[in-house]
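Examination of the molecular architecture
Residues per chain are reported as follows:
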Amino acid sequence: QVQLVESGGGLVQPGGSLRLSCATSATMYSINVMAWYRQTPGKERELVASISRGNNVNYADSVKGRFTISREVDKNTWNLQMNSLKPEDTAIYYCNQVSVNGISNWGQGTQVTVSS
């Protein structure tokens, strides 16, 4: 069974930075899309950023220019660099992968809190 483990969440002041990482037990070559989602209480989970096998990236409008998604194939890991953080970025962040067979797997989530 595929396992995804997130790390890097925490508390940061507005304007600060955090880097989230997601480590997968799958081989990167079996993954079609790697992504980060976030969710706040009472709201649906929303896509933050994604990167495909072909290195096509996609960002939510609210994070464009501030967040950067990247992958490290040799480490079976993808990352989300978050800069210029705002209080509205506060959420639980989940990593997600979709395999070449269309199977979706989720991490357990990591809390990001942006507050002074």
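Further up the page is the structure itself.
Conventions adopted
Residues numbered from 1 in each chain as written. Predicted model: local features only at pLDDT ≥ 70, side-chain atom pairs only at ≥ 80, totals over all residues. Heavy atoms only, no water. Pairing = 2+ DSSP bridges. Helix = DSSP H or I, 4+ residues; strand = E, 2+ residues; numbered from the N terminus. Salt bridge = Lys/Arg side-chain N within 4 Å of Asp/Glu carboxyl O. Buried < 20%, exposed > 50% of the residue type's maximum accessible area, 1.4 Å probe, protein only. Core = buried A, V, L, I, M, F, W, Y, C linked by side-chain atoms within 4.5 Å. Disulfide = S-S within 2.5 Å. Phe/Tyr/Trp six-rings, centres within 6.5 Å; stacked < 30°, edge-to-face > 60°. Contact = heavy atoms within 4.5 Å. Axes fitted to C-alpha atoms, helices over the stretch in contact; angles between N-to-C directions.

Before going further, it helps to examine the pairing of strand E7 (residues 67-72). Along any regular strand the residues' side chains alternate between the sheet's two faces. With six bridges joining them, E7 and strand E8 (residues 77-82) adopt antiparallel strand pairing. Residue threonine 68 lies in a different strand from E8, and its bridge partner there is glutamine 81. Here E7 hands over to E8 after four residues, with asparagine 76 in that stretch at a positive phi of 50°.

To continue, consider the pattern of salt bridges. Enumeration according to the criterion identifies five salt bridges in this entry. Salt-bridge contacts for aspartate 61 lead to lysine 64; the nearest nitrogen and oxygen are separated by 3.1 Å. On the basis of relative accessibility, which here comes to 64%, the residue aspartate 61 falls in the exposed class. Two residues, glutamate 72 and lysine 75, come together in a salt bridge whose shortest N-O distance is 3.4 Å. Judged by relative accessible area, which is 23%, glutamate 72 ranks as partly exposed. Connected through shared salt-bridge partners, Arg38, Glu46, Arg66 and Asp89 make up one network.

As a further point, take the nonpolar core. Counting residues in hydrophobic clusters, the biggest one holds 27 residues, and the most contacted among them are Trp36, Val48, Phe67, Trp78, Leu80, Met82 and Tyr93. Only strand E3 (18-24), strand E4 (31-39), strand E5 (46-52), E7, E8, strand E9 (91-99) and strand E11 (110-114) provide two or more residues apiece to this core.

What follows covers the state of the cysteines. Considering all chains together, one arrives at one disulfide under this definition. Shown here is the disulfide that connects cysteine 22 with cysteine 95, its sulfur atoms set 2.1 Å apart. Taking the sign of the torsion about the S-S bond as the criterion, the disulfide between cysteine 22 and cysteine 95, at about 55°, is right-handed. One end of the pair, cysteine 22, is in strand E3; the other, cysteine 95, is in strand E9, and 73 residues separate them in sequence.

Attention now goes to the packing of aromatic side chains. In total, this model carries two aromatic pairs according to the counting rule given. Taken together, a centroid distance of 6.5 Å and an interplanar angle of 85° make the contact between tyrosine 94 and tryptophan 106 edge-to-face. Placement of the pair is tyrosine 94 in strand E9 and tryptophan 106 in strand E10 (residues 104-106), with a sequence separation of 12 residues. Judged by its relative accessible area of 38%, tryptophan 106 falls in the partly exposed class.

With that settled, consider the side chain of serine 99. Structurally, serine 99 is set in strand E9. What serine 99 contacts, discounting residues up to four positions off in sequence, is Ser30, Ile31 and Asn32.

For the rest of this paragraph, the subject is the environment of glycine 54. Structurally, glycine 54 is set in the loop between E5 and strand E6 (57-59). A residue is classified by how much of its surface remains accessible, and glycine 54, at 55% relative accessible area, is exposed. Sequence separation between glycine 54 and valine 33 is 21 residues, and the spatial gap between their C-alpha atoms is 9.1 Å.

Right, let's talk about the sheet that holds strand E1 (residues 4-7) for a bit. Strand order across the open sheet formed by four strands is E1-E3-E8-E7, with antiparallel pairing between neighbours. Lying at the two open borders of the sheet, with one neighbouring strand each, are E1 and E7. Pairs of neighbouring strands in the sheet enclose a mean axial angle of 15°, with direction left out of account.

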